[in-house]
Amino acid sequence: RYLPLLLPPGWARSEVSSWAGSLPQTVLLAPVWTALLRFVILREEGRHYLAWYYRVRRVLLVTVILSAILMAGGMLFALSLDVLPRFRIRRVVALAVLAVAFGARMVSWWLVMRLAIVPALAAAGTRRYAIDTAFAFTRRWIGTIFGVKLIIYSPLFVLVGGLRLAAGFRPDLQA
């Protein structure tokens with residue numbers, strides 16, 4: 001209700017609103033991720049879902065940080081899409097601005113890939129500073145992390161691609 005008053009309409013508003021819409025999911029799933037990671041890493045059983053102890057707060061904090069990094073990387077691109085049509089600039093300048101915005105998106109994506117093990121470190125509680133430790137531990141593992149994420153998300157990509165392809169063939173499926 002208040003978001004349209006704070007942000008101008010367009011891509012930037014949709015970027016912020018989608019991030020803000022995902023925050024309740026992040027908050028509600030933090031205890032689940034913490035319990036799952038502690039079970040997998042430490043074989044611990046017995047914590048309740050609503051137990052908001054320090055490891056759950058750490059997992060919540062790092063997942064919010066990771067999602068904010070991704071949102072910030074996409075925000076520059078969204079702002080460029082909102083602002084560029086308002087000015088009369090040459091095509092080369094517009095392409096340069098879009099390239100810089102795309103580069104910022106790729107840097108944020110790379111950073112999140114490097115910090116992929118932060119929730120596990122925060123849940124295990126083995127290190128006090130999970131973000132610094134994760135960045136140091138994933139130095140040469142970016143290819144492996146990318147491969148694992150690609151394998152995990154490939155069924156989703158196939159599903160979304162199949163739905164888009166089916167919607168192209170039958171307009172009634174777009175709804």
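None of the values given here were measured: they were computed from a predicted structure. Residue positions are counted from 1 within each chain, in the order its sequence is given. Local features in a predicted model are, by the rule used here, given only for residues with pLDDT of at least 70; side-chain atom pairs are given and counted only at 80 or more, and totals for whole chains, interfaces and linings are based on all residues. Based on all heavy atoms of the structure, the side-chain values leave hydrogens and waters out of the count.

Notes on the environment of Thr138
For Thr138, the location among the structural elements is in the loop between helix H6 (130-137) and helix H7 (142-169). In this structure Thr138 comes out as buried when scored by relative accessible area, which is 3%. When near neighbours in sequence (up to four residues on either side) are disregarded, Thr138 contacts Arg114, Ile117 and Ile145. Secondary structure elements are taken from DSSP: a helix is a run of H or I of four residues or more, a strand is a run of E of two residues or more, and numbering for both begins at the N terminus. Here's how the labels work: a residue is buried when its accessible area is under 20% of the maximum for its type, exposed when over 50%, partly exposed in between, all with a 1.4 Å probe on protein chains only. Any two residues having at least one pair of non-hydrogen atoms within 4.5 Å are treated as being in contact.

Focus: the packing of helix H3 (residues 54-83) against helix H4 (residues 91-114)
Where H3 meets H4, the axes come as close as 8 Å, and the angle between the chain directions of the two elements is 175 degrees. With respect to H4, the element H3 is oriented roughly antiparallel. Counted together, Leu66, Ile69, Leu70, Gly73, Gly74, Leu76, Phe77, Ser80 and Leu81 of H3 and Val97, Leu98, Val100, Ala101, Phe102, Ala104, Arg105, Ser108, Trp109, Leu111 and Val112 of H4 form the full contact between these two elements. The classification used treats Ala, Val, Leu, Ile, Met, Phe, Trp, Tyr, Cys and Pro as nonpolar, Asp, Glu, Lys and Arg as charged, and all other residues, Gly among them, as polar. Its residues placed into classes, the contact of H3 with H4 shows 15 nonpolar, four polar and one charged. Lines fitted to C-alpha atoms define the axes here, with helix axes fitted over just the stretch in contact, and angles between the N-to-C directions of these axes take values from 0 to 180 degrees. The scheme is simple: roughly parallel for angles under 35 degrees, roughly antiparallel for over 145, roughly perpendicular for 65 to 115, oblique for anything else.

Section: the layout of surface pockets
Buried and open spaces are told apart on a 1 Å grid over the protein atoms alone, a cavity being a set of points where a 1.4 Å probe fits but cannot get out and a pocket being an open set with protein on both sides within 12 Å along at least five of seven lines. Residues with an atom within 4 Å of a point are the lining residues. Grid points are joined across faces, edges and corners, and a volume is the space filled by probe spheres set on the points. Volume-wise, the largest pocket comes out at about 1500 Å³. Around the largest pocket, the lining is made up of 36 residues, and of these Leu66, Leu70, Val112, Lys149 and Tyr153 lie nearest the centre. For the lining of the largest pocket, the elements supplying multiple residues, two or more each, are helix H2 (11-42), H3, H4, helix H5 (118-124) and H7. If you tally residues by element for the lining of the largest pocket, the top one is H2, at ten residues.

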